[in-house]
Amino acid sequence: MAEVTSALGSSIAIDGRPVRVTAFRVRPVARSVELELTLAEGRQRIVRRLAQALGLKVEWLHRVAYGPVRLGRLPEGKYRRLAGGEIQAIERLHGAA
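Calculation criteria
Residues numbered from 1 in each chain as written. Predicted model: local features only at pLDDT ≥ 70, side-chain atom pairs only at ≥ 80, totals over all residues. Heavy atoms only, no water. Buried < 20%, exposed > 50% of the residue type's maximum accessible area, 1.4 Å probe, protein only. Helix = DSSP H or I, 4+ residues; strand = E, 2+ residues; numbered from the N terminus. Arc of directions from axis to C-beta. Contact = heavy atoms within 4.5 Å. Salt bridge = Lys/Arg side-chain N within 4 Å of Asp/Glu carboxyl O. Polar contact = N/O pair within 3.5 Å; in protein donor to acceptor, adjacent residues only side chain to side chain.

A. Just helix α3 (residues 84-94), in detail. Burial in α3 covers these residues: Glu-86, Ala-89 and Ile-90. Projected down its long axis, α3 carries its buried residues within an arc of 95°, all on one side. Close packing links the buried residues of α3 with β5 (65-66) and β6 (69-70). Positioned one or two residues after α3, Gly-95 has a phi angle of 90°, which is positive.

B. Inspection of the pattern of salt bridges at higher detail. Per the stated rule, a full pass over the model turns up seven salt bridges. A salt bridge links Glu-36 to Arg-27, with the shortest nitrogen-to-oxygen separation between them at 3.7 Å. Using a relative accessible area of 40% as the deciding quantity, one classes Glu-36 as partly exposed. Owing to a relative accessible area of 27%, Arg-27 belongs among the partly exposed residues under this scheme.

C. Molecular detail of the environment of Ile-46. Looking at the secondary structure, you find Ile-46 in helix α2 (residues 46-53). Judged by relative accessible area, Ile-46 falls into the buried class, the value being 5%. Spatially, the C-alpha atom of Ile-46 lies 20 Å from that of Ile-90, the residues being 44 residues apart in sequence. In this structure Ile-46 touches Ile-14, Val-19, Leu-39 and Glu-41, once residues within four positions along its chain are discounted.

D. Representation of the side chain of Glu-86. Inspection of the secondary structure puts Glu-86 in helix α3. Residue classification places Glu-86 among the buried positions, given a relative accessible area of 19%. Of note is the side chain of Glu-86, whose polar atom sits 2.8 Å from the side chain of Arg-80. Every residue in contact with Glu-86, bar those within four places of it in the chain, is listed here: Val-69, Arg-80 and Arg-81.

E. Quick peek at α2. Those residues of α2 lying buried are Ile-46, Leu-50 and Ala-51. Down the axis of α2, the buried side of the element spans an arc of 135°, and every buried residue falls inside it. Packing partners of the buried residues in α2 comprise α1 (2-9), β1 (13-14), β3 (21-29) and β4 (32-39). Of the residues trailing α2, Gly-55 is marked for its positive phi of about 80°.

These figures capture arrangement, not role.
Spelled out as structure tokens, the structure:
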């Protein structure tokens, strides 16, 4: 667990570009570790590739938010309309579409 914490606190490069981990939490769970990551970007399969670079196997992956939008109890494979405030918050981050 200490090795994972140390690695996440340093710069990790994927495809020659650093992965911007803005926050993380590492918790021991039985014989495994559970990671909670906040990334500044969402490159293709970046969480799985980051885990692979750390020598970890991903058993379960769950997105809890997209930028300022919390997903809450949204079931897998389902969607909901964004509220006006959520759209505005995303536009502030990325610019209007």
